[in-house]
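The lines below spell out each chain.
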Amino acid sequence: MNPDILQGLSQASLPINLLATAIGVLLGLIVGMIPGLTISSGIIIVLPLTFVLEPDLSIALLLGLYVSGMTGGSFSAILLNIPGTPSASATAIDGYPMAQRGEAGQALGISITAGFLGGMFSFLCLYLIAPLLAEVALQFHAADLFSLVFFGLTIICSFAAKSLVKGLLSAIIGLLIVTVGQDPVMGTARYTFGDVNILSGIHFLTALIGLFAIPQLVGSLTDTGVSTAGARQHFGSILPKWETLKKIRRSVSIGSSIGAFLGILPGVGGPIAAFISYDYAKKASKKPEDFGHGSIEGIAAPESANNAVTGGALIPMMTLGIPGDPVTAILIGALLVHGLAPGPLLFIERADFAYGVIFSFFWANIFNLIIALSGLRMLVKVLATPKAMLMPAIALFCVIGSYALRNSFFDVYVMLFFGLIGLAMKKLNMPVVPMLLGLVLGKQLEEHLRVALTSSKGDISIFFTSPFSLLFLSLSAISIVWAFVAEHRKKSNLSKGVAP
Amino acid sequence: MTTLKTILTNATAIAVASAFVFPVLLSGPAKAFPDGPIEFVIPFGAGGGADIEGRVLAKEMSKVLGVPVVPINKPGAGGAVTYTYVKNSKPNGNTIAWSSTSILTTTNIGNVPYGYDAFDHIGRVEYQPMPFAVKGDAPYKTLKAFAAACKKAPGTLKVANSSAGSATHLAAIALMDAIGCKAIHLPAGVTRRNATVLSGESNAMIAPLTGAVNLAKAKKIRVLAMPSEKRNAVMPNVPTAKELGFDAELDLFRSLSVAKGTPIGVKAKLAGAMTAAANSKAFTDLAEKNGFTIAPMQVGQFEAYLKQENAKVVKIMKAAGLYQSKMK
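Computed from a predicted structure; not experimentally measured.

## Concerning the overall build of chain A
Secondary structure assignment for chain A yields 22 helices and two strands. Radius of gyration (C-alpha) of chain A: 22 Å, near the 23 Å computed for a compact globule of 500 residues. With the C-alpha coordinates aligned to their principal axes, the bounding extent of chain A is approximately 70 × 60 × 45 Å. The proportion of buried residues among the 500 residues of chain A is 60%. A sequence separation of at least 24 residues applies to 79% of the contacts in chain A between residues at least 6 apart. Total accessible area computed for chain A in this model is approximately 19,600 Å², and 70% of it derives from carbon and sulfur atoms. Averaging the locations of the 28 positively and 24 negatively charged side chains of chain A gives two centres separated by 12 Å.

And the structure:
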């Protein structure tokens, strides 16, 4: 066996690393459960606290949070009919009817088990695919990487945007913001007005804190509060029975495969994977009529899918440095803060660390199962925490977080400014995810483009002669065409009065 | 849950309190230096060479001075953020910059309106060479062979560097000029530089020693020469460019700098602590592991060294059309 694999495994299995993973899982369950706190904002809030930790500890904690956030989201979806995270939206469709029937415990148990199975499936994908993909990605030249990043940008427009125009606009604003600061290739100043703070550019994590957390804080001010009565009901048995597990076999397989696959595609993320797998599981089910009325298969499919997304999304993040979803975009930032650049070289220069991440992900899934099943009754009491206590703490973490990134108070103002942008976008119904991807991918897009053109002495044909680049550009074309077709179909569906 | 909440509340209280208390402590009256914590500002992000080396040095300096020497990363703009911050700090020795060759590159590329001489310098701590390397299975076994291949096909071989105007770029320009090679300089970036050599996109690269040592040990890359003063202990078999008859020499140094006008007594104390910390066991162990050379240089000698290095940087930058001074 490769010594790096063993070293990664032993590093991830150290007691202190396991403790970090377990703490992350606990935090993730809580963050996921609280409606209005997404996993992205949870990770953003915890991130600055991890700066002081060793990189492997900090990534173990964040992975724990990521994995269990997906599961935590289903608790409030099932108990209150309010998805704790967007990824749990599909779970509410069948989870809440089950809870109303007095089978809340069974619904939660299935959600946790299905999530575990989906997560473990995606762990296997990560473990088997990532090193191979890294091997291939090592052959990529700047032109190939440009086309790959470009492909990533086209995908967000076809998935994450409700309206294509608003999605594109959001992405372009993100790309424009990235150009502020130091020219990544020539080192000269751009749009800085001679200010040395602006010269260092806008750190995308600072922008993300503003874009994600501030609108949520403001939103909670106007929130009248939700009934938490459901959280106090009697659950009954939580552990799923063997026959139940057999019944959800098919939907878990569907959910896991769809989740892991969609996770690999940049920018898709949990919510879409959950809905698509719900749809497929319904089509494949022997009892499709039960779906929507408390079908256990209807819980198993989206829950296995959104947990499978996590491992899938880690694959392009670790091997290509390209995020599979918003959370992995933030994880890239977290690794960079520690001086570790995700990308194919991670598997050569720091293979022990790369495998450490993979095995921390494994442990995160194990702990998620154990902590969620054993601590469920205690954990759901969090749902009764008044927001008046929660929100000030979050506001404080936003300020500390944006300051701590570069020890610069200027960044706190930048964060607040992006908070205003986030609020405006919310008002205009403009999706934030394309902007996020623009912010994360923009710099890479420009760097690869310019390095490729430097290398070819300005000859554009380099993008069409390299087979990898050509492949990614063709995929981009397909995804753009698909976006228009989907938009057209959605509109015609709407005019027919059919919900999309 | 309540304990967790208490811990969180306490932690945030401490964080908020220290945010207020720190500046107060720092601006306190200067009686006998050092009278409070010293900010040790690192111009690059956590985890990189500058950060790892700086943190060990700061810790050792703190032992000597008897006050906390707190490492703070202020990355951005190739070091310009840190240099501007320290330049504008009070000249009382409580804010020191972990300066490096970047103090010469950022000031000459025209992004900041001052030169390296806008600071008082404490002294040099260490330096490291920037090896010139090709892929492990590349056809070029020696620097001469690379030069010959380049002369046969001028303007086609590509040499990767960390970014345009950075020390690695300047070293690459100097070395290519010395061997008479017209190459394409690829500003591949710190994270992509090594990868472009492994993928074959670049034919060679210049990297800081600490950034190339792992790949060289794994025989993924072959180091042909070092445009350095003398051979390096980590790779004693690699000749310097000068030994091979090519006149190119640019090393990456790290040093300490403070705001202009800092009292002489304060600077002397810092210099003493710097030398003691540089020769401490922790720091020498790190040097042995990572391959940089500890060579403390006191202020007089260091000023002359800086002047000489700055002249080199300006010369290379001017020749490459990168030089653009904003000094008034």
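## Here we look at the nonpolar core
Core analysis: the largest hydrophobic core is formed by 141 residues, its most contacted members being Tyr66, Phe75, Leu208 and Leu439 of chain A. Per element, the largest residue contribution to this core is 14 residues, and it comes from helix α4 (residues 55–80) of chain A. Ignoring anything within four residues of it in the chain, the contact list for Tyr66 of chain A reads Ile39, Ile43, Val309, Thr310, Ala313, Asp325, Val327, Thr328 and Leu331 of chain A. The next biggest cluster of nonpolar side chains, apart from the first, holds 59 residues, and it includes Val86, Val134, Val159 and Cys181 of chain B.

## Some details on helix α10 (residues 204–222) of chain A
All names here are of chain A. With 19 residues, α10 extends 28 Å from end C-alpha to end C-alpha; this agrees with the ideal 27 Å at 1.5 Å per step. The sharpest bend along α10 reaches about 25° and sits at Ala213, with the proline Pro215 one to four residues further on. Counted residue by residue, α10 has 14 buried out of 19 residues, so it is predominantly covered.

## Looking at unusual backbone geometry
Residue and element names in this part refer to chain A. A positive phi is found at Tyr191, a non-glycine position, where the angle reads about 50°. For Tyr191, the location among the structural elements is in the loop between β2 (189–190) and α9 (196–199). Take Tyr191: its relative accessible area is 58%, and that puts it in the exposed class. You will see that Asn429, though not glycine, has its phi angle at about 60°, which is positive. A relative accessible area of 62% places Asn429 in the exposed class.

## Overview of the pattern of salt bridges
Residues and elements named next belong to chain B. This structure, assessed with the given rule, holds 15 salt bridges over all chains. The salt bridge involving Arg254 is made with Glu53; its shortest N-O contact spans 2.8 Å. Taken together, the residues Arg254 in strand β10 (residues 252–259) and Glu53 in helix α2 (residues 49–65) connect sequence positions 201 residues apart. Note on Glu53: relative accessible area 1%, which makes it buried. For the salt bridge of Lys312 with Glu249, the shortest nitrogen-to-oxygen distance reads 4.0 Å. With Lys312 in helix α11 (residues 299–320) and Glu249 in the loop between β9 (221–225) and β10, the pair connects residues that are 63 residues apart, well separated along the chain.

## Thoughts on the domain arrangement of chain B
Residue and element names in this part refer to chain B. According to the domain assignment, chain B consists of domain 1 (37–127 + 251–320) and domain 2 (132–225). The straight-line distance from the C-alpha centre of domain 1 to that of domain 2 is 27 Å. For the pair domain 1 and domain 2, the two sides together bury roughly 820 Å², of which 79% comes from carbon and sulfur. Contact with domain 2 buries area across many residues of domain 1, yet Leu252, Asn290 and Ile316 alone supply 43% of it, more than any other trio. For the pair domain 1 and domain 2, the number of links is zero salt bridges. With four residues, α11 is the single largest residue contributor to the side of domain 1 that touches domain 2. Its residues assigned to classes, the side of domain 1 that touches domain 2 shows six nonpolar, four polar and one charged.

## Things to note about the sheet that holds β9 of chain B
All names here are of chain B. Spatially, five strands are ordered β7-β6-β8-β5-β9 in an open sheet, and the strand pairing comes out mixed. This sheet does not close on itself; its edge strands, each paired only once, are β7 (184–187) and β9. Averaged over all adjacent pairs, the angle separating strand axes in this sheet is 30°, with direction ignored. Taken together, the four bridges between strand β5 (residues 132–135) and β9 define a ladder with antiparallel strand orientation.

## Structural notes on the packing of aromatic side chains
Residues and elements named next belong to chain A. Tallied over the entire structure, the rule returns 25 aromatic pairs over all chains. Among the aromatic residues, those joined into a ring-pair cluster are Phe123, Tyr127, Phe347, Tyr355, Phe359, Phe362, Trp363 and Phe367. The positively charged end of Lys283 is found above the aromatic ring belonging to Tyr280, 5.5 Å away from the centroid.

## Details of the side chain of Glu303 of chain A
Residues and elements named next belong to chain A. Along the polypeptide, Glu303 turns up in helix α14 (residues 296–320). Buried and unpaired, Glu303 has Arg101 as its nearest opposite-charge partner, separated by 16 Å. In this structure the side chain of Glu303 is engaged in a polar contact, spanning 2.6 Å, whose partner is the side chain of Thr91. Apart from residues no more than four positions distant in its own chain, Glu303 is found in contact with Met70, Thr71, Ser74, Ala88, Thr91, Ser111, Ala114 and Gly115.

## What to know about the interface of chain B and chain A
Taken together, the contact pairs 42 residues of chain B with 36 residues of chain A. Of the roughly 3,100 Å² buried where chain B meets chain A, counting both sides, 64% is carbon and sulfur surface. When the buried area of chain B at its contact with chain A is split by residue, Asn111, Arg192 and Glu201 of chain B rank highest and sum to 16% of it. Inspection of the chain B/chain A interface yields zero salt bridges. The tally of links between chain B and chain A comes to five residue pairs in polar contact (both at pLDDT 80 or more).

## Topic: helix α1 (residues 3–12) of chain A
Residue and element names in this part refer to chain A. For α1, the full list of buried residues reads Ile5, Gly8 and Ala12. In an axial view of α1, the angular spread of the buried residues amounts to 65°, which keeps them on one side of the axis. Buried residues in α1 make contact with α2 (15–33), α6 (104–137) and α17 (351–379).

## So, the state of the cysteines
All names here are of chain B. The full count for this structure, using the stated rule, is one disulfide over all chains. Across the disulfide, Cys150 is cross-linked to Cys181 (sulfur-sulfur distance 1.9 Å). Handedness of the Cys150-Cys181 disulfide follows from its S-S torsion of about 80°: it is right-handed. Here Cys150 is found in helix α5 (residues 143–152), whereas its partner Cys181 is found in the loop between α6 (167–178) and β7, with 31 residues between them in sequence. For the residue pair Cys150 and Cys181, the accessibility class agrees, reading buried in each case.

## Quick notes on the environment of Val190 of chain B
Residue and element names in this part refer to chain B. Among the structural elements, Val190 can be located in the loop between β7 and α7 (193–199). In this structure Val190 comes out as exposed when scored by relative accessible area, which is 58%. Put simply, Val190 and Ala207 are 17 residues apart on the chain and 8.7 Å apart in space, counted from C-alpha to C-alpha.

## A short note on the packing of α6 of chain A against α17 of chain A
All names here are of chain A. Between α6 and α17, whose axes approach to 10 Å, the crossing angle comes to 175°. By the angle between their directions, the pair α6 and α17 is classed as roughly antiparallel. Counted together, Leu108, Ile112, Thr113, Phe116, Gly119, Met120, Ser122, Phe123, Leu126, Tyr127 and Pro131 of α6 and Tyr355, Ile358, Phe359, Phe361, Phe362, Asn365, Ile366, Leu369, Ala372, Leu373 and Leu376 of α17 form the full contact between these two elements. Per-class residue counts for the contact of α6 with α17 are 18 nonpolar, four polar and no charged.

About the cut-offs
- Residues numbered from 1 in each chain as written.
- Chains lettered and ligands numbered in written order.
- Predicted model: local features only at pLDDT ≥ 70, side-chain atom pairs only at ≥ 80, totals over all residues.
- Heavy atoms only, no water.
- Helix = DSSP H or I, 4+ residues; strand = E, 2+ residues; numbered from the N terminus.
- Rg over C-alpha atoms; globule rule 2.2 N^0.38 Å.
- Buried < 20%, exposed > 50% of the residue type's maximum accessible area, 1.4 Å probe, protein only.
- Contact = heavy atoms within 4.5 Å.
- Areas by Shrake-Rupley, 256 points an atom, 1.4 Å probe, with all protein chains shown as cover.
- Lys, Arg positive; Asp, Glu negative; His and termini not counted.
- Charge placed at Lys NZ, Arg CZ, Asp CG, Glu CD.
- Core = buried A, V, L, I, M, F, W, Y, C linked by side-chain atoms within 4.5 Å.
- Expected span 1.5 Å × (residues − 1).
- Bend = angle between axes of the 7 residues up to and from the residue.
- Salt bridge = Lys/Arg side-chain N within 4 Å of Asp/Glu carboxyl O.
- Domains from an automatic or database assignment.
- Buried area = accessible area lost by both parts, 1.4 Å probe.
- Nonpolar A, V, L, I, M, F, W, Y, C, P; charged D, E, K, R; others polar.
- Pairing = 2+ DSSP bridges.
- Axes fitted to C-alpha atoms, helices over the stretch in contact; angles between N-to-C directions.
- Phe/Tyr/Trp six-rings, centres within 6.5 Å; stacked < 30°, edge-to-face > 60°.
- Lys NZ or Arg CZ within 6 Å of the ring centre and 35° of its normal.
- Polar contact = N/O pair within 3.5 Å; in protein donor to acceptor, adjacent residues only side chain to side chain.
- Arc of directions from axis to C-beta.
- Disulfide = S-S within 2.5 Å.
- Parallel < 35°, antiparallel > 145°, perpendicular 65-115°, else oblique.

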